[in-house]
Amino acid sequence: MPSYYDWNTALIEHVTHGAPLGSTVYLEVSEDTLERVGVQRWGVPGDGATWAGDFLAAVQESAVRAGRVDVSWMHGGDPQGWPLGVAFLGAMVLAASQMQTDVAAAVHERNYFRRLGGVLGVGVGSQGRPPGLPVGEEEPLWAAWVRFLRARGFDSTARGGEGPQRFIRYPISQSLVSAAERERLMRVFAERAYPAGWDGETVTSRLRADGAPSVKVRELLQRTGSAAEDVQSALLDVLQAFHASGGAAGVSAALSARQLVAGLYRDEDWRGDVVFSLFPRQPRGVRLADLVVEVRGVLTELRVERPGFYQPFGEVRPEELSVGTRFPVVGSAFVDALVLPAREFWLLRPDPDNAGMFASLGMPGVGERVVLLLAEPLLADVRRFREEGLLGWAGEPVAVGAGWVELRDVMVTGNHWAEVPAGNAGALHDALRPAGGVSVHVQGGVRTQRAGAYLVGGAPAVSVSSFFSEAFLTVCRGGREIYAGPVVPGEEVVGVLDEVGEYELTGESRGVRAVRLVSVVPWEALRVAAAAVTPDMGVDVGTAVVQGAQVFAK
């Protein structure tokens, strides 16, 4: 039986694996999550057993002594330096995920701690909390989890609340889609025949159009920016679970195969012609090895290029953009296909690792120039958006074939999207609509192999983009403020990232805030890349192969 320490490590890896650096992380733990983690790490449980039950037994054995909760030993780290309290926090989130919410989508403190007491097997004491867990005792564990994530380039979503909600808001904030909400969503997917080949953005847009099945889902659909991307990922997970297991839960759902979703990677060949490749997204929380995709008879092994994404490969034909396509995956019990979803548009952001390239890398920020690939029927609405002062672009639309055109140097120029009807471009209207009207950008610098980190002495400049004429920038290193002052939107600020450390950059304008995390590392952090001899290249000199300026021993 896996120990508490095994589960602690498993949950940390589950929620961080496949997450792009700089993204937000949820410690989302449900019974389905535990079954999936257990099956992938330790196989199918014995007859009548469940991994959720195993997890609870491990937590109770280590966190409960003589009928009282004891978290005093969890304030340190394991031999890797990973916080020891994550499995206990996972049990707190599990209790929140099992609760029904009221009509206002609220969870009451007394009901929550009664549920937590049941999860821990201790009931509730005189303070209305599990015995041995006085008010606020768990908060340092949440703080340690936040510090751990930020030190690794992630942003935690764990937040406390106000008043009586202060401490229960932490676990509640981690449960994006509760068990009850999953059931409601699956009923919608069944009634309205949502197909398996959609991506998260399409699912979210269709739910907005069809109407949310609950107050909680309605609130999720209203989120913007990186928070909206988290919602899209969670809703896609529910849709894929629905199709993979026919709405079943538990071990059967954990054993069911899912699909990888591909975006687009845009390049230009030597003639200047645009070429689109498949850009598969790494599934979050799933460790997959030796995945091979068959694309038009050619087998390609998927290799991780950067956290969150596999290397682009193959070629996407223009006629495939409207109808989407599905390619079989071999060699995995957990993934059976790579899907390029059918869409009416693609927003392609600049690739920070490759100048001149554009890719499906999330939602663009304020002041960012992107490539907009769209089906011609949407062009009239996009031109109307430009006439209304919402966006602009350079040059004329460029035809790429099969009824698709490309707009280049597209930038959102207005923040009054709510005042302009979407027309026939509802999903595109949602995607282009900026989150709040302020963004923090970094320009230049020397990046390491760990995307998102920069070398000391080669750190980037910082700027704040806003629709307003004034902005304010705050820079914190290791939780300590080192710079704070007004800035001119769009103008670069240099010299604020000149030491090794984890930085939090906060831009603010008219009460709207945006946060970006940046890591600056020493030169010693550079990995020595393993050199490989390219077949049929170089000169064989007997005991070695000379390839360019490099000599490889045979």
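In this text the structure is predicted, and so the values were computed from the model without any measurement.

A.B. asks: Is there a simple way to think about the overall build of the protein in this case?
C.D. replies: Regarding its fold elements, the protein presents 15 helices and 27 strands. Relative to its length of 554 residues, the protein is compact, with a C-alpha radius of gyration of 25 Å against a globular reference of 24 Å. Burial analysis of the protein (554 residues in total) assigns 49% to the buried set. Taking all contacts inside the protein whose residues are at least 6 apart in sequence as the whole, residues at least 24 apart take part in 62%. Carbon together with sulfur atoms contributes 51% to the accessible area of the protein, which is approximately 24,800 Å² in total.

A.B. asks: Would you mind going over the side chain of T506 with me for this structure?
C.D. replies: When you line up the elements, T506 lands in strand β23 (residues 501–509). With relative accessibility at 7%, the residue T506 sits in the buried group.

A.B. asks: Help me understand the nonpolar core, please; the structure alone is not making it clear to me.
C.D. replies: Generally speaking, a soluble globular protein has its nonpolar side chains buried in company with each other. Counting residues in hydrophobic clusters, the biggest one holds 83 residues, and the most contacted among them are F88 and W145. The biggest single contributor to this core is helix α4 (residues 86–97), with ten residues. With residues near it in sequence (within four places) discarded, W145 still touches I12, V15, V25, L27, P83, V86, L89 and S156.

A.B. asks: Where do I start with the pairing of strand β7 (residues 292–295) in this structure?
C.D. replies: When a strand is regular, its side chains alternate between the sheet's two faces. Residues V293 and V295 point to one face of β7 and are all buried, whereas V292 and E294, pointing to the other face, are not buried. With four bridges joining them, β7 and strand β8 (residues 298–301) adopt antiparallel strand pairing. Among the inter-strand pairings, V293 is bridged to a residue of β8, identified as T300. Between β7 and the antiparallel strand that follows it, β8, lie two residues; R296 among them carries a positive phi value of about 50 degrees. With two bridges connecting them, β7 and strand β11 (residues 325–330) associate as antiparallel partners. Each bridged residue has a counterpart across the sheet, and for V292 the counterpart in β11 is V330.

A.B. asks: Where do I start with the sheet that holds β23 in this structure?
C.D. replies: One key point about sheets: their strands pair by backbone hydrogen bonds, in either a parallel or an antiparallel sense. The strand order β19-β24-β23-β21-β22 describes an open sheet built from five strands, whose pairing is mixed. Only two strands of the sheet have a single neighbouring strand rather than two, namely β19 (453–455) and β22 (480–487). Strand-to-strand twist in this sheet, taken as the mean axis angle between neighbours without regard to direction, amounts to 25 degrees. Here strand β21 (residues 471–477) runs beside β22; their pairing, made up of seven bridges, is antiparallel. Along β22, the bridge assignment pairs V475 with Y483.

A.B. asks: Looking at this structure, I do not really get the side chain of R477. What am I missing?
C.D. replies: By the secondary structure assignment, R477 is in strand β21. One polar contact links R477 to Y503, side chain to side chain, over a distance of 3.3 Å. Not counting the four nearest positions on each side in its chain, R477 is found in contact with I482, E499, V500, G501, E502 and Y503.

What counts and how
- Residues numbered from 1 in each chain as written.
- Predicted model: local features only at pLDDT ≥ 70, side-chain atom pairs only at ≥ 80, totals over all residues.
- Heavy atoms only, no water.
- Helix = DSSP H or I, 4+ residues; strand = E, 2+ residues; numbered from the N terminus.
- Rg over C-alpha atoms; globule rule 2.2 N^0.38 Å.
- Buried < 20%, exposed > 50% of the residue type's maximum accessible area, 1.4 Å probe, protein only.
- Contact = heavy atoms within 4.5 Å.
- Areas by Shrake-Rupley, 256 points an atom, 1.4 Å probe, with all protein chains shown as cover.
- Core = buried A, V, L, I, M, F, W, Y, C linked by side-chain atoms within 4.5 Å.
- Pairing = 2+ DSSP bridges.
- Axes fitted to C-alpha atoms, helices over the stretch in contact; angles between N-to-C directions.
- Polar contact = N/O pair within 3.5 Å; in protein donor to acceptor, adjacent residues only side chain to side chain.

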